[in-house]
Amino acid sequence: ERDIQGGLSARPLLSVPHLLSDEASCYYHGYVLAEMAVHQNRNFVMKHDGYIVDNPAIGPLLTEAYWKPGNSEPFLSLVEKCTGAPLTGDAWIAELNQDLDELLKEEEAAYD
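If you're wondering where the values come from, they're calculated on a predicted model, not measured in any experiment. (Residues numbered from 1 in each chain as written. Predicted model: local features only at pLDDT ≥ 70, side-chain atom pairs only at ≥ 80, totals over all residues. Heavy atoms only, no water.)

Trainee: Quick question: what am I supposed to make of the layout of surface pockets here?
Mentor: To find leftover empty space, one rolls a probe the size of a water molecule over the atoms. Taken as a whole, the largest pocket holds about 630 Å³ of empty space. Those elements giving two or more residues to the lining of the largest pocket turn out to be α2 (27-49), α5 (90-97) and α6 (100-111). Classifying every residue of the lining of the largest pocket by side-chain character gives 9 nonpolar, 4 polar and 5 charged. By volume, the second largest pocket is sized at about 320 Å³. (1 Å grid on protein atoms, 1.4 Å probe; cavity = no way out; pocket = protein on both sides within 12 Å on 5 of 7 lines; lining within 4 Å. Points joined across faces, edges and corners; volume = space filled by probe spheres on them. Helix = DSSP H or I, 4+ residues; strand = E, 2+ residues; numbered from the N terminus. Nonpolar A, V, L, I, M, F, W, Y, C, P; charged D, E, K, R; others polar.)

Here it is as structure tokens:
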């Protein structure tokens, strides 16, 4: 902070303030974990069923894995029980590393 800003600030340099409270950047950690879980769940369903849109298995899967246990189990346990693997960023990273033209062709083919 001293090198970049010339001194210490009230908020750490790389923290992101929450939109409403302007001081609770820790919430963003939860948002990142949730985004990781979304990509991991999508990857699991695609490998298991081959499609997501209009898949009748999605509702029961999410109901059993997430909604029924609710807050009675830790988030990381819910993700692992649903996908069969501990939460990682692998699925999200793989998507981010995918060639854009390739991704657009895959998405277009999926909608046709």
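Trainee: Sorry if this is basic, but what is going on with the side chain of His39 here?
Mentor: Looking at where His39 falls in the secondary structure, it is placed in helix α2. A relative accessible area of 9% places His39 in the buried class. At 2.9 Å, the side chain of His39 and the side chain of Glu35 are in polar contact. Apart from residues lying up to four places away in sequence, His39 is in contact with Ala91, Trp92 and Glu95. (Buried < 20%, exposed > 50% of the residue type's maximum accessible area, 1.4 Å probe, protein only. Polar contact = N/O pair within 3.5 Å; in protein donor to acceptor, adjacent residues only side chain to side chain. Contact = heavy atoms within 4.5 Å.)

Trainee: Help me understand the environment of Asn41 in this model?
Mentor: Within the secondary structure, Asn41 is located in helix α2. Owing to a relative accessible area of 12%, Asn41 belongs among the buried residues under this scheme. Separated by 21 residues in the primary sequence, Asn41 and Leu62 place their C-alpha atoms 9.4 Å from one another. In contact with Asn41, not counting residues within four places along its chain, are Tyr66, Cys82 and Thr83. Engagement of the side chain of Asn41 in a polar contact is seen with the backbone oxygen of Ala37, the distance being 2.7 Å.

Trainee: So what exactly am I meant to see when it comes to the side chain of Gln40 here?
Mentor: Relative to the helices and strands, Gln40 resides in helix α2. One polar contact links the side chain of Gln40 to the main-chain carbonyl oxygen of Ala85, over a distance of 3.1 Å. When residues no more than four places from it in sequence are discounted, the contact partners of Gln40 are Val79, Thr83, Ala85, Pro86, Leu87, Thr88 and Ala91.

Trainee: Hey, could you run me through α6 in this one?
Mentor: The first and last C-alpha atoms of α6 sit 17 Å apart over 12 residues, in line with the 16 Å expected at 1.5 Å per residue. Here α6 lies mainly on the outside; 0 of its 12 residues are buried. The N-capping residue of α6, defined by a side-chain oxygen 3.3 Å from the backbone nitrogen of Asp101, is Asp99. (Expected span 1.5 Å × (residues − 1).)

Trainee: Please clarify how helix α3 (residues 58-67) should be interpreted in this entry.
Mentor: In an α-helix, one full turn covers 3.6 residues, which means residues spaced three or four apart are oriented alike. Buried residues of α3: Ile58, Ala65 and Tyr66, and no others. One side of α3 holds all its buried residues, which, seen down the axis, span an arc of 75 degrees. (Arc of directions from axis to C-beta.)

Trainee: Just checking my understanding: could you explain the packing of α3 against helix α4 (residues 75-83) for this structure?
Mentor: Helix-helix packing is described using two parameters, namely the angle between the two axes and the distance between the axes. Where α3 contacts α4, the two axes come as close as 9 Å, and the packing angle between them is 145 degrees. At the point where α3 passes α4, the crossing takes the right-handed sense. The residues of α4 that touch α3, namely those facing Leu61, Ala65 and Tyr66, are Leu78, Val79 and Cys82. Residue composition of the contact of α3 with α4, by class: 6 nonpolar, no polar and no charged. (Axes fitted to C-alpha atoms, helices over the stretch in contact; angles between N-to-C directions. Left-handed = near helix turned anticlockwise from the far one by under 90°.)

These figures capture arrangement, not role.
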